[in-house]
Amino acid sequence: FDADRNGWLTLKEFHEAMNSSELTFVLRELGIDASEADGLFHLLDTDDTQRVTAEDFVSGCARLRGPARALELAILTREMTRQSERIEH
């Protein structure tokens, strides 16, 4: 998935990877809804760098394993945290 092999997966690379049957298969096997790709990426991008490491991707997907409702809840929680941080600053 890391097209330029720099150790990071950018949002663009992630979108490109979402077109591959390999990634959609992995997500499906983990019980993660591929239609939430942007939300998944931003959730895994915990430091807001617009990129994730392979380790971040794997550990994040493992944490989110389960029905789409779990992913949606995690995305909502992350967004609420970001909004709260913006208000405090």
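Use the structure listed above.
All values derive from a computational prediction rather than experimental measurement.

The grouping of Leu-73, Leu-76 and Met-80 at the surface amounts to a nonpolar patch, some 320 Å² of accessible area in total. When you line up the elements, Leu-76 lands in helix 5 (residues 68-88).

Here we come to the packing of aromatic side chains. Overall, the coordinates contain one aromatic pair when judged by the stated rule. The ring of Trp-8 has Arg-51 lying over it, and the distance from NZ or CZ to the ring centre is 3.9 Å.

Among the structural elements, Glu-13 can be located in helix 1 (residues 11-18). The charged side chain of Glu-13 is buried without a salt bridge, its nearest counter-charge being Lys-12 at 8.4 Å. Of the polar contacts made by the side chain of Glu-13, one reaches the backbone nitrogen of Asp-4; its length is 3.3 Å.

Further remarks concern the nonpolar core. Counting 19 residues, the largest nonpolar core has Phe-14, Leu-27, Leu-40, Phe-57 and Leu-64 as its most contacted members. Taken together, the elements giving at least two residues each to this core come down to helix 1, helix 2 (21-30), helix 3 (37-44), helix 4 (54-63) and helix 5. The leading source of residues in this core is helix 3, at five residues. Contacts of Phe-14, omitting those with residues within four sequence positions, involve Leu-9, Leu-23, Ala-37, Leu-40, Phe-41 and Phe-57.

Bringing the pattern of salt bridges into the picture now. A full pass over the atoms with the stated rule returns two salt bridges. Residue Arg-78 pairs with Asp-48 through a salt bridge whose shortest N-O separation is 3.3 Å. Of the two residues, Arg-78 is situated in helix 5 and Asp-48 in the loop between helix 3 and strand 2 (51-53); the sequence distance between them amounts to 30 residues. With its nearest N and O atoms 2.5 Å apart, the salt bridge here joins Asp-48 to Arg-82. Separated by 34 residues along the polypeptide, Asp-48 in the loop between helix 3 and strand 2 and Arg-82 in helix 5 bring together distant segments of the chain. In this structure Asp-48 comes out as partly exposed when scored by relative accessible area, which is 43%. A cluster of three or more residues bridged by salt bridges with shared partners is formed by Asp-48, Arg-78 and Arg-82.

Parameters at a glance
- Residues numbered from 1 in each chain as written.
- Predicted model: local features only at pLDDT ≥ 70, side-chain atom pairs only at ≥ 80, totals over all residues.
- Heavy atoms only, no water.
- Patch = residues over 30% accessible without salt bridge, like charges linked within 9 Å, V, L, I, M, F, W, Y side chains within 5 Å.
- Areas by Shrake-Rupley, 256 points an atom, 1.4 Å probe, with all protein chains shown as cover.
- Salt bridge = Lys/Arg side-chain N within 4 Å of Asp/Glu carboxyl O.
- Helix = DSSP H or I, 4+ residues; strand = E, 2+ residues; numbered from the N terminus.
- Phe/Tyr/Trp six-rings, centres within 6.5 Å; stacked < 30°, edge-to-face > 60°.
- Lys NZ or Arg CZ within 6 Å of the ring centre and 35° of its normal.
- Buried < 20%, exposed > 50% of the residue type's maximum accessible area, 1.4 Å probe, protein only.
- Lys, Arg positive; Asp, Glu negative; His and termini not counted.
- Polar contact = N/O pair within 3.5 Å; in protein donor to acceptor, adjacent residues only side chain to side chain.
- Core = buried A, V, L, I, M, F, W, Y, C linked by side-chain atoms within 4.5 Å.
- Contact = heavy atoms within 4.5 Å.

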